[in-house]
Amino acid sequence: MTSTVPTAVHDEQVPEAAKPITMFGPDFPYAYDDYLAHPAGLGSIPAHEHGTEVAVVGGGLSGIVAAYELMKMGLKPVVYEADRLGGRLRTARFDGCDDLTAEMGAMRFPPCSTAFQHYIDMVGLETRPFPNPLAPDTPSTVVDLKGESHYARTLDDLPEVYHQVMDAWNACLEDGARFSEMQRAIRERDVPAIRALWADLVEKLDNQTFYGFLCDSPAFKSFRHREIFGQVGFGTGGWDTDFPNSILEILRVVYTGADDDHRGIVGGSEQLPLRLWEDEPAKLVYWAPGTSLKSLHDGEPRPAVTRLHRTAGNRITVTDASGDIRSYKAVVFTAQSWMLLSKIACDDELFPIDHWTAIERTHYMESSKLFVPVDRPFWLDKDEETGRDVMSMTLTDRMTRGTYLLDDGPDRPAVICLSYTWCDDSLKWLPLSANERMEVMLKSLGEIYPKVDIRKHIIGNPVTISWENEPYFMGAFKANLPGHYRYQRRLFTHFMQDRLPADKRGIFLAGDDISWTAGWAEGAVQTALNAVWGVMHHLGGETDPTNPGPGDVYEEIAPVELPED
């Protein structure tokens, strides 16, 4: 997801000295960044639990963060991974072009992701601006709709109708969602104000689609404006694919600035979980200096989990693909929740029935990408007649939808993300091979750039992914439909287990699809930290009084609870 035009007006009104927007709420306004930065650490467990094994199912970012922090407390995480470490922080390389990378999953991150940024800084990774449409570091953008292309370096270069769409979206947010009030409260970390505003909006808007929200706004009475907004308004590849989703999902993104000022990780996002896997924390309880997750696992995680069930003593017993069976006092489950319905044999007793219902109702978005390596960033060449870049970051209603141009300098090989699509647009690609996809994309781009021979610059085979076809993911990320708020609340709050029956405790859900901000790495980190607190509490541990964890302050900031009768 990325921003093009609609939120610029609001940001221009913010004084330079204002506090930054962060992903602080609105559903659960807890300062995870402060929790991580506090010198007292995340908490401690009783000495008699030191060395206790805790299963962590899934080696994506959430699983690795959870395992890393549990290890620092003196527990022994046992990570199970069905595929490869990193999850949807997946960086691919091209055969014969080892210096070039393609981000198959997460590829850009907003600065508001402050807990995520904590780990980027901790392991010493470098970031740089990502070339989103009309971003300051993007040389140029082409918006191509209904066969007509518009070349732009800034928003001012686009026709008046795009400014009208921007103004309509800003008015829609103000009138229907009290945008400025909420952003001000989030900047100031004003918890009472956030909770009051959000409680009112959740009650009013839980049953509303994104598209319905637009239609209800007088500012968007024009179908033409809604159509343009859906195709290029504030998302790559067109946010019309998000129109059936709950408007609450969209508000979480725009309130917190998650769609603004994106940066990419130099060398690939997969480096973050891999570096955490190998990192040797300076502050460790129980374990000898030099201990890492990798050393605790003799280099490799355990294989895929095939069965989860409860056994005597309220333990969770895990069977993996090798046939190995182990029992644990606590398990953190970070894989996508549909795995519990299909790939893993589970006892019904693992969760209360209402949680099973929420898991079954989870709605996932499809997504596909295709990348090709090229000999150089030829798109920076100038057209002799117009003086413009011969090719630009491209948003279109053609099959490619979003095309991104990625380079490390003028004299080096580069990468084109020929297409980045969602939902129905992604499904259109599903039966096609990588080369078949490339041919359709080159045809579409050839219609936009008839003077440019992209093919002659391609130096290797394309790489592609359709996340809905990945057997351990079955989709890109969760996106709530209208009426799903109650389901989401059950899953997010699952780490608070004191009110659960004793025979339903001990397994903790985490991962970005459990978070309120699915599709953002920040949500993966936040839910991992919730699960770490849950495990610590379950094993009799506690936080330092000067650094209360998310469970310690839960009652003051708990998500809105809508009636179910």
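Data block above holds the structure.
Predicted model, so just to flag it, every value in this text is computed and none were measured. (Residues numbered from 1 in each chain as written. Predicted model: local features only at pLDDT ≥ 70, side-chain atom pairs only at ≥ 80, totals over all residues. Heavy atoms only, no water.)

Q: Looking at this structure, I do not really get the nonpolar core. What am I missing?
A: A general trend in soluble globular proteins is that nonpolar side chains are found buried together. Of all hydrophobic cores here, the largest spans 133 residues; its most connected members are Phe116, Trp169 and Leu272. Broken down by element, the residue count for this core peaks at 10 residues, all from helix α17 (residues 521-538). Listed in part, the 24 residues of the second largest apolar core include Phe333, Ala335, Met339 and Leu491. (Core = buried A, V, L, I, M, F, W, Y, C linked by side-chain atoms within 4.5 Å. Buried < 20%, exposed > 50% of the residue type's maximum accessible area, 1.4 Å probe, protein only. Helix = DSSP H or I, 4+ residues; strand = E, 2+ residues; numbered from the N terminus.)

Q: What is the right way to read the packing of aromatic side chains from this model?
A: Two aromatic rings, taken as a pair, are described by how far apart their centres are and by the angle between their planes. Throughout the structure, instances matching the rule amount to 30 aromatic pairs. Ring centres 5.2 Å apart and planes at 85 degrees place the aromatic pair Phe351 and Trp356 in the edge-to-face group. A relative accessible area of 12% places Trp356 in the buried class. Among the aromatic residues, those joined into a ring-pair cluster are Phe28, Tyr30, Tyr32, Tyr35, Tyr485, Phe492, Phe495, Trp516, Trp533 and Tyr554. The ring of Tyr472 carries Lys343 above its face, with NZ or CZ at 5.4 Å from the centroid. One residue, Lys369, lies across the ring of Tyr420, its end atom 4.6 Å from the ring centre. (Phe/Tyr/Trp six-rings, centres within 6.5 Å; stacked < 30°, edge-to-face > 60°. Lys NZ or Arg CZ within 6 Å of the ring centre and 35° of its normal.)

Q: Mind showing me how you'd approach the pattern of salt bridges here?
A: Between side chains of opposite charge, pairing is possible as soon as their charged atoms come close. What the rule picks out here adds up to 40 salt bridges. As a salt-bridge pair, Glu439 and Arg455 come within 2.9 Å of each other at their nearest N and O atoms. Note that Glu439 is positioned in helix α15 (residues 434-448) and Arg455 in the loop between α15 and β19 (463-466), a separation of 16 residues in sequence. Bridged by salt links that share partners, the residues Asp27, Glu249, Arg252 and Lys478 form one connected network. (Salt bridge = Lys/Arg side-chain N within 4 Å of Asp/Glu carboxyl O.)

Q: I'm lost on the sheet that holds strand β16 (residues 393-396) in this one. Help?
A: The strands making up a sheet associate through hydrogen bonds between their backbones, and the pairing can be parallel or antiparallel. Spatially, the seven strands line up as an open sheet ordered β7-β6-β16-β17-β18-β15-β19, and their pairing is mixed. Two strands bound the open sheet, and with one partner strand each, they are β7 (148-152) and β19. Ignoring which end each strand starts from, the neighbouring axes of this sheet average 15 degrees apart. Relative to the sheet, α15 contacts β6 (141-145), β7, β15 (367-374), β16, β17 (402-406), β18 (414-422) and β19, its axis offset from that of β15 by approximately 80 degrees. (Pairing = 2+ DSSP bridges. Axes fitted to C-alpha atoms, helices over the stretch in contact; angles between N-to-C directions. Contact = heavy atoms within 4.5 Å.)

Q: Explanation requested: helix α5 (residues 160-177) in the structure shown.
A: Residues that lie three or four places apart on an α-helix share one face, since the helix turns once every 3.6 residues. Between its first and last C-alpha, α5 extends 25 Å over 18 residues, near the 26 Å set by a 1.5 Å rise per residue. Listing the buried residues of α5 in full gives Val161, Tyr162, His163, Val165, Met166, Ala168, Trp169, Asn170, Cys172, Leu173 and Ala177. Backbone geometry just after α5 places Arg178 at a positive phi near 50 degrees. (Expected span 1.5 Å × (residues − 1).)

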